[in-house]
Amino acid sequence: MVFLMKIGVIAIQGAVSEHVEALKRALAERGEDAEVVTIKHSGIVPVCSGIVIPGGESTTLCRLLAREGIAEEMKEAAAKGVPILGTCAGLIVLAKEGDEQVEKTSQELLGIMDTKVNRNAFGRQRESFEAELEVEILDSPYSGIFIRAPAIVSCGPGVKVLSRLNGFIIAAEQENVMALSFHPELTDDLRIHQYFLDKVFN
Amino acid sequence: MDFEKLRHGTELIKRGFAKMQKGGVIMDVTNPEQARIAEEAGAVAVMALQAVPADIRKEGGVARMADPEIIQKIIDTVTIPVMAKARIGHFVEAEILEALGADMVDESEVLTPADPYFHIDKTEFTVPFVCGARNLGEALRRINEGAAMIRTKGEAGTGDVSQAVKHMKQIQGEIRELAGKNKEELIMVARDIEAPIELVIETAQMQRLPVVNFAAGGVATPADAALMMRLGADGVFVGSGIFKAENPEKMAKAVVEAVNNYDNPAKLAEISKGIGSGMKGISADMIPPEQALQERGW
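A brief report on the enclosed structure follows. None of these values were measured; they are calculated from a predicted model. (Residues numbered from 1 in each chain as written. Chains lettered and ligands numbered in written order. Predicted model: local features only at pLDDT ≥ 70, side-chain atom pairs only at ≥ 80, totals over all residues. Heavy atoms only, no water.)

### A look at the overall build of chain A
A tally of helices and strands in chain A yields 6 helices and 11 strands. A compact globule built from 202 residues would reach a C-alpha radius of gyration of about 17 Å, and chain A, at 15 Å, matches this within 12%. Taking the principal axes of the C-alpha coordinates as reference, chain A spans close to 50 × 40 × 30 Å. Expressed as a percentage of the 202 residues in chain A, the buried residues total 63%. Separation between the mean location of the 20 positive side-chain charges and that of the 29 negative ones in chain A comes to 5 Å. (Helix = DSSP H or I, 4+ residues; strand = E, 2+ residues; numbered from the N terminus. Rg over C-alpha atoms; globule rule 2.2 N^0.38 Å. Buried < 20%, exposed > 50% of the residue type's maximum accessible area, 1.4 Å probe, protein only. Lys, Arg positive; Asp, Glu negative; His and termini not counted. Charge placed at Lys NZ, Arg CZ, Asp CG, Glu CD.)

### As for the interface of chain A and chain B
Facing 42 residues of chain A, the contacting portion of chain B comprises 48 residues. Carbon and sulfur atoms supply 50% of the area buried between chain A and chain B, which totals about 3,700 Å² over both sides. Where chain A packs against chain B, one counts 8 salt bridges. Put simply, R148 of chain A and D103 of chain B hold a salt bridge, and the shortest N to O gap is 3.0 Å. Of all elements in the fold, only α1 (16-30), α2 (58-67), α5 (100-104), β6 (129-133) and β7 (142-146) of chain A reach the threshold of two or more residues within the side of chain A that touches chain B. Pairing of β6 of chain A with strand β1 (residues 7-8) of chain B, which is carried by 2 bridges, proceeds in the antiparallel orientation. Pairing of F129 of chain A across the sheet is with H8 of chain B, part of β1 of chain B. (Contact = heavy atoms within 4.5 Å. Buried area = accessible area lost by both parts, 1.4 Å probe. Salt bridge = Lys/Arg side-chain N within 4 Å of Asp/Glu carboxyl O. Pairing = 2+ DSSP bridges.)

### A look at the nonpolar core
Core analysis: the biggest nonpolar cluster contains 93 residues, and I10, I51 and M74 of chain A together with M228 of chain B have the highest contact counts within it. Counting residues per element, this core draws most heavily on helix α12 (residues 248-260) of chain B, at 7 residues. Setting aside residues no more than four positions away along its own chain, M74 of chain A makes contact with I10, V45, I51, I53, I84, L110 and I112 of chain A. Core analysis: the second largest hydrophobic core is formed by 38 residues, V36, A131, A151 and F168 of chain A among them. (Core = buried A, V, L, I, M, F, W, Y, C linked by side-chain atoms within 4.5 Å.)

### Describing the sheet that holds β7 of chain A
Across a sheet, strands are paired by hydrogen bonds formed along the backbone, either parallel or antiparallel in direction. Pairing within the open sheet is antiparallel, and its 3 strands lie in the order β7(A)-β6(A)-β1(B). The open sheet terminates on both sides in strands that have one partner only, identified here as β7 of chain A together with β1 of chain B. Sheet analysis places β6 of chain A next to β7 of chain A, joined by 5 bridges and oriented antiparallel. The partner of F129 of chain A across the bridge, within β7 of chain A, is F146 of chain A.

### Considerations on the packing of aromatic side chains
Residues and elements named next belong to chain A. Scanning the model with the defined rule gives 9 aromatic pairs over all chains in all. Consider the rings of F122 and F146, whose centres lie 5.5 Å apart with planes at 70°: the pair is edge-to-face. In this pair, F122 sits in the loop between β5 (115-118) and β6 while F146 sits in strand β7, placing the two residues 24 residues apart along the sequence. One exposure class covers both F122 and F146, and it is buried. With a centroid separation of 5.5 Å and an interplanar angle of 45°, the aromatic rings of F146 and F182 are classed as tilted. Residue F146 is located in strand β7, and its partner F182 is located in the loop between β11 (177-180) and α6 (191-201); the two are separated by 36 residues in the primary sequence. F182 matches F146 in its accessibility class, with the two residues each being buried. (Phe/Tyr/Trp six-rings, centres within 6.5 Å; stacked < 30°, edge-to-face > 60°.)

### Remarks on the packing of α2 of chain A against helix α2 (residues 32-41) of chain B
Their axes nearest at 8 Å, the elements α2 of chain A and α2 of chain B cross at an angle of 50°. As summarised for this structure, α2 of chain A and α2 of chain B are arranged oblique, according to the angle between their axes. Along its contact with α2 of chain A, which presents T59, R63 and R67 of chain A, the element α2 of chain B presents E39, E40 and A41 of chain B. Looking at the contact of α2 of chain A with α2 of chain B residue by residue, the class counts come to 1 nonpolar, 1 polar and 4 charged. (Axes fitted to C-alpha atoms, helices over the stretch in contact; angles between N-to-C directions. Parallel < 35°, antiparallel > 145°, perpendicular 65-115°, else oblique. Nonpolar A, V, L, I, M, F, W, Y, C, P; charged D, E, K, R; others polar.)

### Concerning a nonpolar patch on the surface
Taken together, the side chains of F91, V92 and I96 of chain B define a hydrophobic patch exposed on the protein surface, amounting to about 250 Å² of accessible area. Accessibility expressed as a relative area gives 48% for F91 of chain B, which makes it partly exposed. (Patch = residues over 30% accessible without salt bridge, like charges linked within 9 Å, V, L, I, M, F, W, Y side chains within 5 Å. Areas by Shrake-Rupley, 256 points an atom, 1.4 Å probe, with all protein chains shown as cover.)

### Remarks on α2 of chain A
Of all 10 residues making up α2 of chain A, 8 are buried, and the element is well covered by its neighbours. Taken together, the buried positions of α2 of chain A are S58, T59, T60, L61, C62, R63, L64 and L65 of chain A. The inward-facing, buried residues of α2 of chain A abut β1 (6-10), α3 (70-80) and α4 (89-94) of chain A together with α2 and α12 of chain B. Two residues or fewer past α2 of chain A, G69 of chain A is found with a positive phi of approximately 80°.

### A word on the sheet that holds strand β5 (residues 104-108) of chain B
Residues and elements named next belong to chain B. Strand order in the open sheet formed by 8 strands is β8-β7-β6-β5-β4-β3-β2-β9, with parallel pairing between adjacent strands. Only two strands of the sheet have a single neighbouring strand rather than two, namely β8 (212-214) and β9 (236-238). The mean inter-strand angle of the sheet, taken between neighbouring strand axes irrespective of direction, is 30°. In terms of strand pairing, strand β3 (residues 45-48) meets strand β4 (residues 82-87) through 3 bridges, oriented parallel. Bridge pairing in β4 links V46 to V82.

### Quick word on unusual backbone geometry
All names here are of chain A. Look at N166: it is not a glycine, yet its phi comes out positive at around 50°. Note that N166 resides in the loop between β9 (160-165) and β10 (168-174). Here the phi dihedral of E175 falls at roughly 50°; this positive angle occurs in a residue that is not glycine. By the secondary structure assignment, E175 is in the loop between β10 and β11.

### Observations regarding helix α4 (residues 68-77) of chain B
Within the sequence span of α4 of chain B, burial applies to I70, I71, I74, I75 and T77 of chain B. All buried residues of α4 of chain B lie within an arc of 165° about the axis, which places them on one face of the element. Summarising the contacts, the buried residues of α4 of chain B are in contact with α5 of chain A together with β2 (25-29), α2, β3, β4 and α5 (91-100) of chain B. Two or three places before E69 of chain B, at the opening of α4 of chain B, D67 of chain B has a side-chain oxygen 2.8 Å from that residue's backbone nitrogen. (Arc of directions from axis to C-beta. Polar contact = N/O pair within 3.5 Å; in protein donor to acceptor, adjacent residues only side chain to side chain.)

Rendered as structure tokens:
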């Protein structure tokens, strides 16, 4: 039997099916074969060649990642160099340090990226927005969907800033790990998923 | 880039918010302490209320939007989204909730309707709305008015899941029946169920509602929550079921874990052990038709 590469989407909660569909479409577009799996429990992360943490509620995600034993596996995968993409809540989950909003719920952040985040940098739902963004890895603007979006407020020297909006860092990468404030899975534009898959297949 | 170029309250943003709630549990709370328990348990959002549906049912009288002070305190307490209920048709209550910063408005049959004919025009709002539905026609009418999320009506405040089951199966069954129908047959369906043809066609093609569909109304135990997920719900609202249970902390945590493990009976068995009894409740059959909350709205 041919070994089929696995790409996992953390499926505790949130926009899981949207990421699964986007990955499948991106794989079809590049003509490569890989199995997209959902991760609800421990034991799956170690066999994945790439992992996506979708948008959802970061408080809930952090709690259940720890409760289900996935958090430790994620840290190991990141250390081994497995490509990871965190969107919205995923950006918070990946961070090293949160703001007081994050602190007061004593969420266990994974600390995979050397970043400090602001949980609802752009406000509540009524302040949520769409905007055209300049992202360094893309050669033309990208339509960003921001929903109660978080942002990176500061980062260590190992983190490369890919996009900023109103003084906040909204896209960044640290070697194999990438974090976005917005939701590429809610648009038809697959360029960010392709960028992530480039890392997976290299 | 300046803030002028930011587009707020678009359909994508409103429906996107609902998508972020998928696979989660939204809990009714009446004060900051309960909100904290819900957040601690892993709820994805809380619904701020003056009284839980079981108490609204018991007390009778006119049920209205919660006191803004309670909602404000809950907003200040938790980091997860805070939703709140407005009466059917009461667009000013909805405007007040939007001004307070509520993240989603539930135009809810649990409160006494304020308009005998019309629901709120939800397209006029920046804040997204969730609305109850018993069947496909009702769901699509609400979506047409701008609802970004649908939930079953069930029979709130009873702790009896049977009506939520009925409404979920009704909607799923009607969607399955759309498969294979041609355009003229879909036009006929649209006329029968009093729903816009565009939404009927979209639903037929997607083979699901065009927005997120949660279960609500009578969910009282981890097994109830898992049942609704098995029936195809995208997530679950638990109203009176948490804070009318013997041990709200344990019940809240167990319901959250049950939704994450809904397809694993062995794990559900573990989750359901030692959590105390669920709310006492009342069989939905015992509710006289004129007191049934699900009959409100159209």
